[in-house]
Amino acid sequence: VAGSRPAGDRDIRGCRRGPGAAGGEDVMRAVVAGGAGFLGSHLCERLLADGTEVVCMDSFLTGSPDNVSHLLGRPGFRLVECDVTGFVHVPGEVNLILHLASAASPADYLAYPIETLKVGSLGTLHLLGLAKEKGARFVLASTSEVYGDPLEHPQRETYWGNVNPVGPRSVYDEAKRFAESLTVAYRQTHGVDTGIARIFNTYGPRMRPFDGRAIPTFVRQALRGEPMTVTGDGRQTRSICYVDDTVEGILALAGRDVAGPVNIGNPGELTMTALAETIRDLAGSSSPIEYVARPADDPRVRRPDTTLAARCLGWHAGIDAAEGLRRTIGWFRAELERDGTDGTD
Ligand code: NAD
């Protein structure tokens, strides 16, 4: 599954380095497409902390400049409003392109179905073209959704998936499957240095309380003392990964000569009822649990096999659910208090 090439002149981020602005000191310069979203904003922060210059490109479809406002004015950080499905141009040297641009929550991609298909296809095409032009490494943020409702459990990268190509989730799943295929084609045809991360459910600060994903929904409901709405019978499972771990996994892939796809996720598996109960306990809430209708084609199980990530990247998730959820609940509580709201949409 994973291809590799001999390592060249690479730093810990692993990408070929370019000359600094003064022409002497080496600096890394990364483009983070979708950098003003939840996951992208954490990546921008982490890259900057490592001394990498960051061009954050975002159309603000589902993200917001607020997610990176604390980075504005930092040396080496630029925020550019740009829809990557259109013309993409970045002056100067670029060593690394991280493609995170895409609606990601089911509520978002169902609200923006065509945009989601376009960013997975045209957006990926343009960013691969940019990588080819700049000689940059390209990393695609793919997803465990490429496995669909999996018939293999846990999911290894060799599993081809069980996706309904005309179901409601297909706009996201098939966009990512196409994006993976295009990434492989650019590697094989144009020799672009590419990597594919299949990211499993990631959570943490800066998720939007109303993005429709389970964790922000449960946390918001628990903090407001409202019924916690678990879909179906609550026995379906997910494996949740704290954002700091996912960021490290993506950067480990960015820094290695590994093509992937590589699963990036935490193999700890929870039923949805257990997840809701854990959040309720950690939030000190007495919200009741209420079972509501399950969305069409919702996967019954999801758990990454992370053997390949451990072997090729030396990476595994280190933050357990209790710790990650505690941090996330703390952030949501502070946000809701800071806004002076109770989290009402
Ligand atoms: P998000 O919605 O918070 O971030 C996505 C960002 O992409 C937003 O800022 C949005 O405005 C931007 N964007 C969308 N279309 C764009 C376009 N055409 N041009 C430029 N920017 C555009 O979602 P997220 O959870 O941070 O997910 C980021 C990426 O990681 C997505 O590609 C998603 O598919 C992938 N991923 C996330 C998870 C997860 O659990 N968070 C899991 C698997 C994969």
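Bear in mind that the values here come from a model prediction, so they are computed numbers and not experimental data. (Residues numbered from 1 in each chain as written. Predicted model: local features only at pLDDT ≥ 70, side-chain atom pairs only at ≥ 80, totals over all residues.)

A.B. asks: Give a detailed account of helix 3 (residues 113–134), specifying residues and quantitative values.
C.D. replies: With 22 residues, helix 3 should cover 32 Å at 1.5 Å per step; its first-to-last C-alpha distance of 31 Å lies within 8% of that length. Along helix 3, the sharpest kink reaches roughly 35°, centred on Val 119. Phi turns positive, to about 65°, at Gly 135, one or two residues after helix 3. (Helix = DSSP H or I, 4+ residues; strand = E, 2+ residues; numbered from the N terminus. Expected span 1.5 Å × (residues − 1). Bend = angle between axes of the 7 residues up to and from the residue.)

A.B. asks: If you had to explain the confidence of the model for the chain to someone new, which residues and values would you point to?
C.D. replies: Taken residue by residue, the chain gives an average pLDDT of 90. The fraction at 70 or more is 91%. Predicted confidence for residues 1–24 stays below pLDDT 50, and this span has 53 contacts to residues more than four positions away or in other chains. Taken over the whole predicted complex, pTM reads 0.92, whereas the ipTM for its chain interfaces reads 0.99. (pLDDT = per-residue confidence, 0-100. Contact = placed C-beta atoms within 7 Å.)

A.B. asks: How would you explain the site of the ligand if you had to name every residue and give the values?
C.D. replies: The full set close to the ligand counts 31 residues, and Gly 34, Gly 37, Leu 39, Gly 63 and Ala 104 are the nearest of them. Of all the secondary-structure elements, those providing two or more residues to the shell around the ligand are helix 1 (38–49), strand 4 (53–58), helix 3 and strand 7 (137–143). When residues of the shell around the ligand are assigned to their parent elements, the largest contribution, three residues, is made by helix 1. A breakdown of the residues in the shell around the ligand according to their chemical character gives 16 nonpolar, 12 polar and three charged. (Near = placed C-beta within 6 Å. Nonpolar A, V, L, I, M, F, W, Y, C, P; charged D, E, K, R; others polar.)

A.B. asks: Just give me the short version of the sheet that holds strand 13 (residues 262–264), but keep the residues and values in it.
C.D. replies: One open sheet holds the seven strands; their spatial order is 5-4-3-6-7-8-13, and the pairing between them is parallel. Taken across any chain shown, the strands that pair with only one partner, and hence form the sheet edges, are strand 5 (77–81) and strand 13. Neighbour-to-neighbour, the strand axes of this sheet turn through a mean angle of 20°, independent of strand direction. Across four bridges, strand 6 (residues 96–99) lies against strand 7 in parallel orientation. Its bridge partner lying in strand 7, His 99 is registered against Leu 140. Sheet contacts for helix 3: strand 3 (29–33), strand 6 and strand 7; angle to strand 6, the most-contacted strand, approximately 170°. Across the sheet, helix 4 (residues 170–190) touches strand 7 and strand 8 (194–199), and the angle it forms with strand 7 is around 155°. (Pairing = 2+ DSSP bridges. Axes fitted to C-alpha atoms, helices over the stretch in contact; angles between N-to-C directions.)

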